[in-house]
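Each chain is listed here by its residues.
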Amino acid sequence: MTHSILIKNATIIDGTGAPWYKADIAITDDKITGIGKISENADKIIDARGSIVSPGWIDVHNHADHTILGNPEALSYVHQGVTTVTMGNCGLSMYPLSEEHRSDLIEYMKPFTAGIPFKYDWTNLEEFNQRVSEIGTSINLVPFVGHGSIRIATMGFDNRAPTDSELQQMKKYLEESMKQGGYGMSTGLGYPPGLYSDNSELIALSEVLREYSGMYSTHMRGEDGNLADTINLGRAMKVPVEVSHLGSSCGSRMNLRGRHEQTTLKELDDARKEGIDITADIYPYIAGSSLLSQVIPDWLHEGGVQRMLERIQEPEVQARMAEEYEELGRDFSKIIVSYVKSTGNKDIEGMNIAAIAEKWEKNIVDTVCKLMTDEKGEAMNITFWGTEEDVNTMIKHPAVMPCSDGWILAPTGPLGAGKPHPRCYGAFPRYIDQYVKQKHLFGLEEAIRRMTSMPATRLGLQDRGIIREGMKADITVFNPETIKDTATFSNPHNYPTGIDYVIINGKPTVEQERHTGALAGEIL
Ligand SMILES: [Zn+2]
C-alpha cells in the first residue's frame, strides 16, 4: 500500500545553494515524486506556509553508534531537524570486537554509553547493524569504522607499533568493515590508542580505503603541526580526507588564536589547490567534550582502563602527573565534569575541576585521581578551548561543514543524565541562528547547502541532500523566525524551537516539535 504526503505552500531551499522558491512537494512512500503546483489529494497534507522546507540535515561527524541501541528514536537529533548522522567517529566505533580484547573496548567506551548495559552481542559492523535493524532507528546512519577500535581488537592498549602480522590483522578488520558497508576509517590520534600509532601504520591501512573507495576522517594529533601532518597523510593516502571538528583541533592551539585565516585556513586552501581532496567540519561552540580520562596523561593509558586505575594510586605516578600538569600549564578551571556514573558525586556534575578541588579541599592531582577512582573511569568532560572569533573565522570557510560531534541523547532515562554538551541537542538550529541570523556570516541558502548537499556529496549519498524529484524524502520544515537552540551548558537537555516537521524516508517523524514514534531510518 502506498502512502502519500503533500506539502503545500512550501518555501523551498533545495540544498544546492540556489535561491529559495515557492512550490508544493508531493511525497509517495519514501521518495519525492513531484514539485510544482500540485492539486491532487494525499493521505496527509502539511501546510508549510511561513516555513522553510529544506532537505533533511546531515551530521557528518557524530557518535551515534555509542547510544543508538539505547535510543532508537534518536530523540536529541531528529528534534534538531537532523535526518542522517554518521557513526564510528574519532577512532572509536562500537565494532569490531575481538574475543581477546573485547573487555578493553567495552571498559573504555562505558562513559560514552552512559552506563547503558548493552549486551555487546556482536563482533563486527554487520552484526552491529543487525542489532540496530532489529530494534529500529528513527534516523539514517552512515557507518565509519574506528582505527582505535580496530587497534584495540588487534593489540589492546599496547603502546607500540603493530607487528607485521598485527598490521595484517588490522587490515583484515578494516576490509571486513568496508565490505559490510563502511564508508571509511576514522581516527582519534589525540588519545589512546590512536596516539600510539604512527603515520606508516595509517598509510598502510589506507591501501584498504583506496581499494574500497573509503574516506579518511580524522581527529588529528593534538600538538602543533597537526593539520600539516593530516595534509601530508592525505597526500600519501590518496583518499578523500575529512578533518573532524576543526575548531577544537586547531582552536586549542593557543599560538594560533586570532590567526586562523593566515594559518589553518591557508593550509587548508593550499592543500586543496594542490589537489588534495580535503574538507573539514566544525561544531558551533567554543567547547568540546570527551572522556574525563583524557585529563590523565597519555602514558598512563597503556594496558587499558583497569591498569590506569591501579597505577594512579601510586605516589610516584601522582608526583609525575603533578609535574606534567605544571609543565603543560593545564587550566583545570576550563575543564568541566559533565557526567559521572556514581550517585555519590552527582553534585559535582557541571562543575569545573578547579572548583571541585576547592570543594573537596584537595590539590588537582588528588582530585583527578579521586574522580577517576570513584567513577572507575566512567565520567565525561567538557573543555573550553576557544574563542567565538576563532569559530567565526573557521566556520565561514566554504570547505567547512557544520557538525555536532555529539551523542544521541534523550531528556529522560540514562541518556538524560548529567550535563552533557549542548551540541547533542542544538548544534544544527544553532548554526542557523548564530551564523545566519545573528552574525550574518553567510546566507540561509549557503548554510542549508553546507548542512545537506555538501555532506551528502562528501559521503557519496547520491539520493539525499537535495530536494528534487526522485530523491529520498528526507525533509526538514522549520520556521525561520523561531528556529533556535535552547540547550545550554548549564541546562543541556532541551530541544530547540522552530522545527515544525521532520520527514525521514517519507515518514513524518517529528510533527510540531513532537516525535511521532516513527522508526523509518535506515543504515545507509
Ligand atoms: Zn574527536
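These numbers were taken from a predicted model, which means no experiment stands behind them.

S.K.: Any chance you could break down the overall build of the protein chain for me, citing the residues and the numbers?
M.R.: The number of helices and strands found in the protein chain is 17 helices and 21 strands. Taken over the C-alpha trace, the protein chain has a radius of gyration of 22 Å; the compact-globule value for 524 residues is 24 Å, and the two agree within 12%. Its C-alpha atoms give the protein chain principal-axis dimensions of about 80 × 50 × 50 Å. The burial tally for the protein chain puts 62% of its 524 residues in the buried class. Put simply, the protein chain shows about 19200 Å² of open surface, and 48% of that area lies on carbon and sulfur atoms. Once the 51 positive and 72 negative side-chain charges of the protein chain are each reduced to a mean point, those two points are 3 Å apart.

S.K.: I'd like to hear about the packing of aromatic side chains, residue by residue, with values.
M.R.: Within this structure, the stated rule accounts for 14 aromatic pairs. Taking 4.9 Å as the distance between ring centres and 75° as the angle between the ring planes, the aromatic pair formed by Y108 and F157 counts as edge-to-face. Residue Y108 is located in helix 2 (residues 102–109), and its partner F157 is located in the loop between helix 4 (147–155) and helix 5 (164–179); the two are separated by 49 residues in the primary sequence. The buried category is assigned to F157, whose relative accessible area is 2%. Between Y283 and W385, the ring centres sit 6.3 Å apart and the planes meet at 70°, which makes this aromatic pair edge-to-face. Taken as a pair, Y283 in the loop between strand 13 (278–282) and strand 14 (287–291) and W385 in the loop between strand 16 (379–384) and helix 14 (388–396) lie far apart in primary sequence, 102 residues in all. Here the aromatic cluster, defined as three or more aromatic residues joined through ring pairs, consists of Y95, F118, Y120, W122 and F128.

S.K.: For the domain arrangement of the protein chain, give the residues involved together with the corresponding values.
M.R.: Along its sequence, the protein chain is organised into domain 1 (1–88 + 404–458 + 472–519), domain 2 (90–243) and domain 3 (291–384). Across the boundary between the two partners, domain 1 contributes seven residues, which contact eight residues of domain 3. Between domain 1 and domain 3, a total of about 550 Å² is buried, with carbon and sulfur atoms accounting for 77% of that surface. Of all residues in domain 1, the largest losses of buried area upon contact with domain 3 belong to G418, K419 and F489, amounting jointly to 66% of the total for that side. At the junction of domain 1 and domain 3, the tally comes to one residue pair in polar contact (both at pLDDT 80 or more). Looking at the side of domain 1 that touches domain 3 residue by residue, the class counts come to four nonpolar, two polar and one charged.

S.K.: Before we move on, can you summarise the sheet that holds strand 6 (residues 57–59) with the specific residues and values?
M.R.: Strands sit in the order 6-7-8 across an open sheet of three strands; the sheet is parallel. Both outer strands of the open sheet, strand 6 and strand 8 (140–143), are each paired with one neighbouring strand and no more. Ignoring which end each strand starts from, the neighbouring axes of this sheet average 20° apart. Alignment of strand 7 (residues 82–87) against strand 8, held across four bridges, turns out to be parallel.

S.K.: Lay out the pairing of strand 2 (residues 21–28) with the relevant residues and their values.
M.R.: It is a general feature of regular strands that their side chains alternate between the two faces of the sheet. As judged from the seven bridges shared by strand 1 (residues 4–12) and strand 2, these two strands associate in the antiparallel manner. Each bridged residue has a counterpart across the sheet, and for S4 the counterpart in strand 2 is T28. In the sheet, strand 2 pairs with strand 3 (residues 31–36) via five bridges, with the strands oriented antiparallel. Looking across to strand 3, one finds that I25 is bridged to I35. Between strand 2 and the antiparallel strand that follows it, strand 3, lie two residues; D29 among them carries a positive phi value of about 55°.

S.K.: Just give me the short version of the coordination of the zinc ion, but keep the residues and values in it.
M.R.: The coordination sphere of the zinc ion, as far as protein atoms go, consists of C90 (SG), H219 (ND1) and H245 (NE2), spread over 2.0 to 2.2 Å. Each donor residue of the zinc ion belongs to the same chain, with the gaps between them written as C-x128-H-x25-H. In this pair, C90 is assigned in the loop between strand 7 and helix 2 and H219 in strand 11 (residues 215–219), connecting sequence segments 129 residues apart. On the basis of relative accessibility, which here comes to 4%, the residue C90 falls in the buried class. Assessed through its relative accessible area of 15%, H219 is described here as buried.

S.K.: Could you give an account of the pattern of salt bridges, naming the residues involved and the relevant values?
M.R.: Enumeration over the complete set of coordinates arrives at 33 salt bridges. Where K370 meets D374, a salt bridge forms, and the shortest distance between an N and an O atom there is 2.9 Å. A residue pair is termed a helical-turn pair when its members lie 3 or 4 positions apart in one helix, as K370 and D374 do in helix 13 (residues 364–375) at four residues. On the basis of relative accessibility, which here comes to 28%, the residue K370 falls in the partly exposed class.

S.K.: Help me get a handle on the nonpolar core, residues and values and all.
M.R.: Grouped together as the largest cluster of nonpolar side chains are 140 residues, with contacts concentrated most on W57, I139, Y216 and M321. Here the element with the most residues in this core is helix 15 (residues 423–438); it accounts for eight residues. If sequence neighbours within four positions are ignored, I139 has contacts with I68, A74, Y77, V78, V82, T83, T84, V85, I408, I504, G521 and E522. In terms of nonpolar packing, the next biggest core, distinct from the first, is built from 19 residues, I5, I12, A48 and V477 among them.

Thresholds applied
Residues numbered from 1 in each chain as written. Predicted model: local features only at pLDDT ≥ 70, side-chain atom pairs only at ≥ 80, totals over all residues. Heavy atoms only, no water. Helix = DSSP H or I, 4+ residues; strand = E, 2+ residues; numbered from the N terminus. Rg over C-alpha atoms; globule rule 2.2 N^0.38 Å. Buried < 20%, exposed > 50% of the residue type's maximum accessible area, 1.4 Å probe, protein only. Areas by Shrake-Rupley, 256 points an atom, 1.4 Å probe, with all protein chains shown as cover. Lys, Arg positive; Asp, Glu negative; His and termini not counted. Charge placed at Lys NZ, Arg CZ, Asp CG, Glu CD. Phe/Tyr/Trp six-rings, centres within 6.5 Å; stacked < 30°, edge-to-face > 60°. Domains from an automatic or database assignment. Contact = heavy atoms within 4.5 Å. Buried area = accessible area lost by both parts, 1.4 Å probe. Polar contact = N/O pair within 3.5 Å; in protein donor to acceptor, adjacent residues only side chain to side chain. Nonpolar A, V, L, I, M, F, W, Y, C, P; charged D, E, K, R; others polar. Pairing = 2+ DSSP bridges. Axes fitted to C-alpha atoms, helices over the stretch in contact; angles between N-to-C directions. Donors = N, O, S within 2.8 Å, 3.2 Å for Na, K, Ca; no water. Salt bridge = Lys/Arg side-chain N within 4 Å of Asp/Glu carboxyl O. Core = buried A, V, L, I, M, F, W, Y, C linked by side-chain atoms within 4.5 Å.

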